[in-house]
Amino acid sequence: MKDMFAHQLDVLSAQGLRRSLKVVASVQGREIVLDGQKVLNFCSNDYLGLAADPRLVHATEEAMVRRGFGAGASRLVCGNFDEHEALEHELAAFKHASAALVFSSGYMANTGIIPALVSRGDAVFADRLNHASIVDGIVLSRADLCRYPHKDMNALDEMLGKATGARRKLIVTDTVFSMDGDLAPLEDIVRLAKQHDAWLMVDEAHAFGVLGPTGAGLVEALGLEADVPLQMGTLSKAAGAYGAYCAGDALLKEYLLNSARSFIFTTAIPPAVAAAGRAALNIMKSEPQRRVRVLELACRMRDGLKKLGFDTLESATPIIPVMVRKASVASEMSQKLLAQGIFVSAIRPPTVPAHTARLRVTVSAAHTDEDIQRCLEAFEHAC
Ligand SMILES: Cc1ncc(COP(=O)(O)O)c(C=O)c1O
């Protein structure tokens with residue numbers, strides 16, 4: 001067994017694809033201490049700069065005093081606290097939905113929701129660049145996986161039309177693609193779902209807190225609430241907390257809490273973690289300037305990178321890919337940036353398709369104008 005492990009690790013090393021862990025010894029933020037080095041951080045998903053906000057910390061401390069730490073059991077046994085219920089009510093209101101169900105993480109939400117909706121004999125239509133947790137949810141469901149080329153609506157139309165033998169059809173898409181930072185053509189997807197009588201589920205992980213007039217996501221930005229019955233998202237990115245949700249109607253919630261295995265067969269998130277999510281929601285509601293700021297900084301960063309000649313694909317969000325294509329070049333550039341005190345992670349296959357390695361720059365509302373300038377200067381010297 002050990003021979004196999006060593007061999008596989010050698011293969012990854014030879015391909016420049018071996019991963020390793022770095023250690024953060026500071027709070028999460030625009031500047032972190034990484035493996036002992038103080039660096040400007042351009043790779044977290046903490047888009048609103050909330051991960052270390054004292055109000056989240058205080059809410060967590062206060063809830064721990066009242067409720068202790070561990071939930072002690074699954075939600076359906078004796079682990080369903082008043083904090084979970086309150087978070088779900090507040091999330092539903094924030095998402096303009098009648099109900100929300102909290103899961104332990106976005107990964108667990110996707111691997112629980114999808115198999116609760118479809119099974120053998122059904123077909124799921126998924127954008128090729130959807131997040132791995134969606135793919136894993138589909139594999140677990142045993143439904144047929146039909147992957148369409150990224151944002152290719154003609155291909156989706158054709159695939160839906162050909163799936164005449166499928167009992168149910170489900171389309172699943174990220175609304176903001178996590179590695180490209182571009183937007184799903186959601187209006188077209190809604191139209192095709194109606195035309196082909198397919199169900200629709202969206203993953204708002206990277207849109208939640210960032211897009212839409214109140215930060216509810218891309219569905220809100222496009223006014224499609226009535227057309228998208230099932231929206232999941234996570235509290236671990238812009239909300240700076242942990243946990244995830246599925247928002248929809250009360251019947252959907254009732255169905256999922258009776259059928260989603262990743263909800264039923266796991267211990268509830270600690271009530272104090274739910275309290276952190278609530279504190280984050282409050283800040284997202286009361287401080288819309290964070291959303292405005294992060295989008296403004298993202299524009300500045302994208303424009304600067306383009307001026308330097310980099311390809312940033314169709315990014316329209318705080319996620320900005322800098323395409324270098326070769327995995328080894330991505331790793332080298334990331335090292336050169338780090339040597340200048342700038343942390344941008346290299347994203348390589350299998351996280352992205354072969355020959356599309358990149359540096360994934362993310363911007364946060366916590367960054368200063370000077371931070372953006374320093375990052376751009378470092379890129380100029382890293383080529
Ligand atoms: C699109 C998307 N969905 C789901 C997830 C999983 O969310 P979580 O980190 O809460 O497990 C992520 C990120 O990790 C993601 O990018």
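This one's a predicted model, so the numbers in the text were calculated from it and none came from an experiment.

Quick notes on the rules
- Positions within a chain are numbered from 1, following the residues in the order the chain's sequence is written.
- At least 70 in pLDDT is required for a residue's local features to be given in this predicted model, at least 80 for side-chain atom pairs to be given and counted, and no such filter applies to totals for whole chains, interfaces and linings, which use all residues.
- Values shown for side chains rest on all heavy atoms present in the structure; no hydrogens or waters enter the calculation.
- In this entry, domain limits derive from an automatic or database-based domain assignment.
- Residue contacts are defined here by distance: any two heavy atoms, one from each residue, within 4.5 Å place the two residues in contact.
- Accessible-area loss on putting two parts together, using a 1.4 Å probe and summing over both, is the definition of buried area adopted here.
- We define a salt bridge as a side-chain nitrogen of Lys or Arg found within 4 Å of a carboxyl oxygen belonging to Asp or Glu.
- Relative accessible area decides the class of each residue, using a 1.4 Å probe on protein chains only: under 20% of the type maximum gives buried, over 50% gives exposed, and in between gives partly exposed.
- The secondary structure listing takes helices from DSSP runs of H or I that are at least 4 residues long and strands from runs of E that are at least 2 residues long, numbered from the N terminus.
- The reported arc concerns the directions from the helix axis to the C-beta atoms and nothing else.
- Near residues are defined by distance, with any heavy atom within 4 Å of the molecule or strand qualifying the residue.
- Definition of a polar contact: a pair of N or O atoms within 3.5 Å, with one able to donate and the other able to accept a hydrogen when the atoms are protein atoms, and with sequence-neighbouring residues admitted only if both atoms are side-chain atoms.
- Accessible surface area values rest on a Shrake-Rupley calculation with a 1.4 Å probe, where residue burial reflects the displayed protein chains alone.
- Classification convention: Asp, Glu, Lys, Arg as charged; Ala, Val, Leu, Ile, Met, Phe, Trp, Tyr, Cys, Pro as nonpolar; all other residues, Gly among them, as polar.
- Here the rule is simple: two strands pair whenever DSSP picks up at least two bridges between them.
- Between the N-to-C directions of two axes lies an angle of 0 to 180 degrees, each axis being a line fitted to C-alpha atoms and, for a helix, fitted only over the stretch in contact.

Along its sequence, the chain is organised into domain 1 (17-46 + 288-382) and domain 2 (78-286). Relative to domain 2, the C-alpha centre of domain 1 lies at a distance of 26 Å. Contacts between domain 1 and domain 2 engage 21 residues on the former and 25 residues on the latter. Taken as a group, Asn 45, Arg 291 and Ile 319 account for 34% of the area that domain 1 buries against domain 2, more than any other trio of residues on that side. The interface formed by domain 1 and domain 2 contains two salt bridges.

Moving on, we come to helix α9 (residues 250-259). Taken as a whole, α9 has its buried residues at Leu 252, Lys 253, Leu 256 and Leu 257. Taken end-on, α9 shows its buried residues confined to a sector of 125°, consistent with a single buried face. Facing away from the buried surface of α9 by more than 90 degrees, the exposed residues are Leu 251 and Asn 258. Structurally, α9 contributes buried residues whose contacts are with α3 (82-94), β3 (99-103), α4 (106-117), β8 (230-234), β9 (244-248) and α10 (261-264).

A few words on the site of the ligand. Contacts to the ligand come from 14 residues, most closely from Gly 106, Asp 203, His 206, Thr 234 and Lys 237. Contact between the ligand and Ser 236: an oxygen atom at 3.1 Å from a side-chain N or O atom of the residue. Coverage of the ligand by the protein chains reaches 86% of its 390 Å² of free accessible surface. In terms of residue count, α4 provides more of the shell around the ligand than any other element does, three residues in total. In terms of residue class, the shell around the ligand is made up of two nonpolar, nine polar and three charged.

Turning next to the sheet that holds strand β10 (residues 319-325). Each strand in a sheet pairs with its neighbour through backbone hydrogen bonds, running either in the same direction (parallel) or in the opposite one (antiparallel). Pairing is antiparallel in the open sheet, where three strands are placed in the order β10-β13-β12. The sheet is open, and its two edges are formed by β10 and β12 (345-347), each paired on a single side. Averaged over all neighbouring strand pairs, the angle between strand axes comes to 35°, with direction disregarded. Direction of pairing for β12 relative to strand β13 (residues 357-362): antiparallel, over a ladder of three bridges. From the neighbouring strand, Ile 347 faces β13, where its bridge partner is Arg 358. Where helix α12 (residues 289-307) meets the sheet, its contacts fall on β10 and β13, and the angle it forms with β10 comes to roughly 20°.

Let's shift gears to the pattern of salt bridges. Scanning the entire structure with this criterion turns up 26 salt bridges. One salt bridge in this structure joins Glu 90 and Arg 278, with 2.8 Å as the shortest N-O distance. Placement of the pair is Glu 90 in helix α3 and Arg 278 in helix α11 (residues 271-286), with a sequence separation of 188 residues. Residues Asp 311 and Arg 325 are paired through a salt bridge, measuring 3.0 Å at the closest nitrogen-oxygen approach. Taken together, the positions of Asp 311 in the loop between α12 and β10 and Arg 325 in strand β10 put the pair 14 residues apart, joining distant regions of the chain. Since its relative accessible area comes to 34%, Asp 311 is described here as partly exposed. Each of Glu 62, Arg 66, Glu 83, Glu 90 and Arg 278 takes part in one network of salt bridges that share partners.

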